[in-house]
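# Examining the three-dimensional arrangement
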Amino acid sequence: MPLAEVAYFQEGPGILAKDFREAGVPLLRLKCVEGDYVTLDGCNFLDPDMVARNWSHFRVDIGDLLISTSASLGRVSVVTSQSAGGVPYTGLIRFKPKDLRLLQGYLKVFLGSAAFIEQAESMASGSVIRHFGPSHIRQMAILLPPLDQQVAIGAVASLLDERLRLLRQTNTTLESIAQALFKSWFIDFDPVRAKVEGREPEGMDAATAALFPAEFEESALGLIPKGWRAAEVGEVFRVTMGQSPPGDTYNEEGEGIPFYQGRADFGFRFPAVRVHCTAPTRLAMASDVLVSVRAPVGDVNVALEECAVGRGVAAVGFDKAPSFALYSMKALRNRFTEYESHGTVFGAINKKQFEALPCVLPSPDVLAAFSSNVGPLDERLRLNELQIRSLTELRDTLLPRLISGKLRLPEAQEPLEESFA
């Protein structure tokens with residue numbers, strides 16, 4: 001039936017920058033709807049009295065759904081107590097049921113499904129940034145199952161979304177722990193400083209503490225732990241600069257191996273496969289660090305499998321300790337930033353410049369201790385990512401079939417149980 005018949009929708013107002021304030025009522029922007037729940041990240045603020053006079057009817061309530069009209073179709077964010085009362089900026093549309101025949105949980109699933117996205121894309125206008133608006137929504141239809149089916153479909157979607165959210169949250173926590181340990185050992189040199197000051201290093205057993213020296217020595221990088229080495233990236237790590245194969249060797253059918261051209265393919269830690277290549281020219285091995293070397297310079301991901309790298313990516317390997325290579329590249333972020341202004345149009349770094357970047361090489365025993373501590377965290381991150389991809393594929397396959405009625409819930413039970421086993 002017509003979507004407008006059962007759902008209330010409203011695009012945010014156009015508000016001028018001169019009306020922004022340092023505090024007040026949050027003005028919700030695109031960055032606020034990047035996740036499952038609406039946040040206040042990157043929002044502006046409006047004067048409460050001005051909102052009361054002009055925009056009070058735009059303020060969102062807990063449970064309202066927000067989507068973007070021009071980007072990230074399929075991403076639906078739910079308003080929580082943190083963002084309730086905010087005003088969505090123009091370019092965001094809020095939805096909520098207005099008819100007892102439509103449930104909020106099912107509406108959220110529908111707005112994130114191909115059934116809605118395909119309608120939005122077919123109606124979208126704009127030569128550069130395609131967007132749709134309320135006039136298009138009034139022409140859209142919604143597939144409306146009976147209420148008991150809506151409840152069940154919403155529950156399946158909620159189960160999958162919550163599991164995905166917890167896995168991503170766990171990965172963020174694991175990476176924070178690993179980065180903190182790298183910073184403590186190899187940037188701040190906390191265990192060595194503790195020994196110099198006559199204290200026992202914190203957070204490690206006596207055997208690990210014994211691996212660290214009790215004094216510093218001068219180096220090209222300043223004071224570093226005695227016996228360690230001030231080196232350059234090219235002396236320690238294997239650096240492979242990407243090279244783009246001929247365009248006719250690319251495909252989206254999965255023939256060949258995954259091909260990553262640049263930063264656009266990167267995710268939280270692992271890149272998303274969009275294109276394959278049948279005639280790769282430069283390869284990265286599984287667990288190699290993938291570093292963006294063009295526009296921008298210095299973003300970091302990790303290869304899940306053997307892959308081809310294009311000219312926007314360099315592969316950095318260190319077989320002795322892949323985790324050390326990863327966090328070493330992340331620690332070079334400020335150095336990479338210096339190359340953002342290089343190049344005629346955009347930032348870039350070449351192989352000679354890359355390999356000349358400074359780094360610290362610890363003793364083999366400390367390197368092994370770091371790997372034994374952080375390696376399991378990185379492996380858990382990898383396994384979680386594989387599960388995220390499996391659950392995402394299941395969600396994207398299952399929900400459209402449930403919405404269309406091509407699949408009934410009893411039939412969906414088995415793949416769900418297998419995924420959560």
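Presented here is an overview of the structure given in this document.

## Describing the sheet that holds strand E14 (residues 257-260)
- Taken in spatial order, the 5 strands of this open sheet run E13-E15-E14-E19-E16, and their pairing is mixed. Two strands close off the open sheet at either side, each with one partner strand: strand E13 (250-251) and strand E16 (283-284).
- Alignment of E13 against strand E15 (residues 275-277), held across 2 bridges, turns out to be antiparallel. What sits directly across from Asn251, in E15, is His276.

## A few points about the side chain of His136
- You can see His136 is positioned in helix H5 (residues 134-137).
- Of note is the side chain of His136, whose polar atom sits 2.9 Å from the backbone nitrogen of Gly133.
- Residues in contact with His136, not counting those within four places in the same chain, are Met123, Ser125 and His131.

## Observations concerning the packing of aromatic side chains
- Throughout the structure, instances matching the rule amount to 25 aromatic pairs.
- Members of the aromatic cluster, connected to one another through ring pairs, are Phe182, Trp185, Phe186, Phe189, Phe212, Phe216, Trp228, Phe237, Phe318, Phe324, Tyr327 and Phe370.

## Observations regarding helix H10 (residues 322-331)
- Among the 10 residues that make up H10, 7 are buried, leaving the element largely enclosed by the rest of the structure.
- Taken residue by residue, H10 has Ser323, Phe324, Ala325, Leu326, Tyr327, Ser328 and Met329 as its buried positions.

## Points about the packing of helix H6 (residues 147-187) against H10
- Where H6 contacts H10, the axes come no closer than 10 Å and their chain directions differ by 80 degrees. Between H6 and H10, the angle falls in the class roughly perpendicular. When H6 is examined against H10, the residues Glu175, Ala178, Gln179, Phe182, Phe186 and Ile187 are found in contact with a partner set consisting of Phe324, Tyr327, Ser328, Lys330 and Ala331.
- Among the residues making up the contact of H6 with H10, the classes are represented as 7 nonpolar, 2 polar and 2 charged.

## Thoughts on the packing of H10 against helix H13 (residues 364-404)
- Where H10 contacts H13, the two axes come as close as 8 Å, and the packing angle between them is 85 degrees. With respect to H13, the axis of H10 lies roughly perpendicular. Each of Ser323, Phe324, Leu326 and Tyr327 in H10 lies in contact with H13, whose residues at this interface are Leu367, Phe370, Val374, Gly375 and Asp378.
- A breakdown of the residues in the contact of H10 with H13 according to their chemical character gives 6 nonpolar, 2 polar and 1 charged.

Criteria and cut-off values
Residues numbered from 1 in each chain as written. Predicted model: local features only at pLDDT ≥ 70, side-chain atom pairs only at ≥ 80, totals over all residues. Heavy atoms only, no water. Pairing = 2+ DSSP bridges. Helix = DSSP H or I, 4+ residues; strand = E, 2+ residues; numbered from the N terminus. Polar contact = N/O pair within 3.5 Å; in protein donor to acceptor, adjacent residues only side chain to side chain. Contact = heavy atoms within 4.5 Å. Phe/Tyr/Trp six-rings, centres within 6.5 Å; stacked < 30°, edge-to-face > 60°. Buried < 20%, exposed > 50% of the residue type's maximum accessible area, 1.4 Å probe, protein only. Axes fitted to C-alpha atoms, helices over the stretch in contact; angles between N-to-C directions. Parallel < 35°, antiparallel > 145°, perpendicular 65-115°, else oblique. Nonpolar A, V, L, I, M, F, W, Y, C, P; charged D, E, K, R; others polar.

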